[in-house]
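# Coordinate analysis (summary)
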Amino acid sequence: MTEQVLILGAKGRFGRAASEAFSAAGWRVRAFARNWPQDAARFGAELITGDAFDAEAVVSAAADCDVIVNALNPPYPRWKRDVPRLTANVIAAAKTSGAAVFLPGNVYNYGAGMPEVLTEDTPHKPTARKGRLREEMEEAYAVAADAGVRTVIVRAGDFLEREKTGNWFDTHIAAKAGRGRATYPGPRDRVHAWAYLPDLARAMAELARLRAEFAMFETFGFEGYSLTGDALIAAMEETLGRPLKVGGMPWPLIRALGLFSPQMREVAEMAYLWRVPHRIDGAKLAAALPDYRPTPLAEAMADALADHIAEPEPLEGATAAM
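Let me begin by describing the structure that accompanies this report.

Strand order in the open sheet made by the seven strands is E3-E2-E1-E4-E5-E7-E11, with parallel pairing throughout. Each of the sheet's edge strands pairs with one partner strand only, and the pair in question is strand E3 (46–49) and strand E11 (217–221). The sheet shows a mean angle of 20 degrees between the axes of neighbouring strands, direction not considered. Taken strand by strand, helix H1 (residues 13–24) contacts strand E1 (4–8), strand E2 (28–33), strand E4 (67–70) and strand E5 (100–105), and its axis lies near 170 degrees from that of E1. Here helix H4 (residues 129–145) sits on the sheet and contacts E4, E5, strand E7 (151–155) and E11; the angle it forms with E5, its principal contact strand, is near 160 degrees.

Taken as a whole and judged by the stated rule, the model has 16 salt bridges. Between Glu 138 and Arg 155 there is a salt bridge; the shortest N-O distance is 2.9 Å. One end of the pair, Glu 138, is in helix H4; the other, Arg 155, is in strand E7, and 17 residues separate them in sequence. Assigned by exposure class, Glu 138 and Arg 155 land together as buried. Put simply, Arg 202 and Asp 199 hold a salt bridge, and the shortest N to O gap is 2.9 Å. In this pair, Arg 202 and Asp 199 are both assigned in helix H6 (residues 197–209), three residues apart and thus about one turn of the helix distant. Relative accessible area serves as the criterion here: at 27%, Arg 202 is assigned to the partly exposed category. Taken together, the salt bridges that share partners define one network made up of Arg 78, Arg 81, Asp 82 and Arg 85.

Quick look at the sheet that holds strand E12 (residues 225–228) now. Spatially, E8-E10-E12 is the arrangement adopted by the three strands of the open sheet, whose pairing is mixed. Unpaired on one side and paired on the other, strand E8 (158–160) and E12 mark the two borders of the sheet. With strand direction ignored, the average angle separating the axes of adjacent strands in the sheet is 45 degrees. Where strand E10 (residues 191–196) lies against E12, four bridges are found, and the strand directions are antiparallel.

Conventions adopted
Residues numbered from 1 in each chain as written. Predicted model: local features only at pLDDT ≥ 70, side-chain atom pairs only at ≥ 80, totals over all residues. Heavy atoms only, no water. Pairing = 2+ DSSP bridges. Helix = DSSP H or I, 4+ residues; strand = E, 2+ residues; numbered from the N terminus. Axes fitted to C-alpha atoms, helices over the stretch in contact; angles between N-to-C directions. Contact = heavy atoms within 4.5 Å. Salt bridge = Lys/Arg side-chain N within 4 Å of Asp/Glu carboxyl O. Buried < 20%, exposed > 50% of the residue type's maximum accessible area, 1.4 Å probe, protein only.

Take a look at the structure:
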């Protein structure tokens, strides 16, 4: 019998990718969001309109589902207020339906003192508010495991994808790639963890098929691409077929703006992620999914930069041909 998955936050960046991946893997997809656009049929799923802060709405949406993907991600300044409430509602839905919970994890839990190689056994020592909130959220799922809620976390780095969803790559690094410019947020000799979003969602869908084989609370590291800033820029230049002029992030200005803007304060707090080298060990996931093949970096980069390649703009400062 075809299994069914509920995607919470289905219009967001991970929710959209998860909907596509689970559908491609043969699942019946129930997509949950606060509202839907007029062309919502393109999502190719059963669409549920509801408020994830309404526990009854989430419990009802999860009825008859085998898996719940928690792709809910409130704005940074609202994490402290919203994440615990959303977590409680997802756990309640999982308890009622018997569904396993899958959610994307990040590296915030490890903190600024993290080692370069991150495994499932690396101690969590969060040093930022968002890291501590993520740790509290994951601990809530670990406790719920004793009550019969199975949870699988797939931990990954920053996202690469074509859609412009406000991530680091499309908003800052590649925002002006079509004009021959790039912005890199930190020293370019440090390794940084990246995940091609369609690959991450596809890996989660494949793990969901095997969920009964895992512990009640399980984590997997998603290796993705471990790239220094120089390597990332080189891959972008290779894809674009021309050099990029690379600038840095104005961190002093961002910190100053953080005195007045909660969003900028949250961004500034995570600046260490660009200074501290880190990569994710994917050995455990590879052992669980021996046939899984990630997309080669060149192909992922071509997709991520497709809009810049399609209509390349002249290099900034270049003189137009007469």
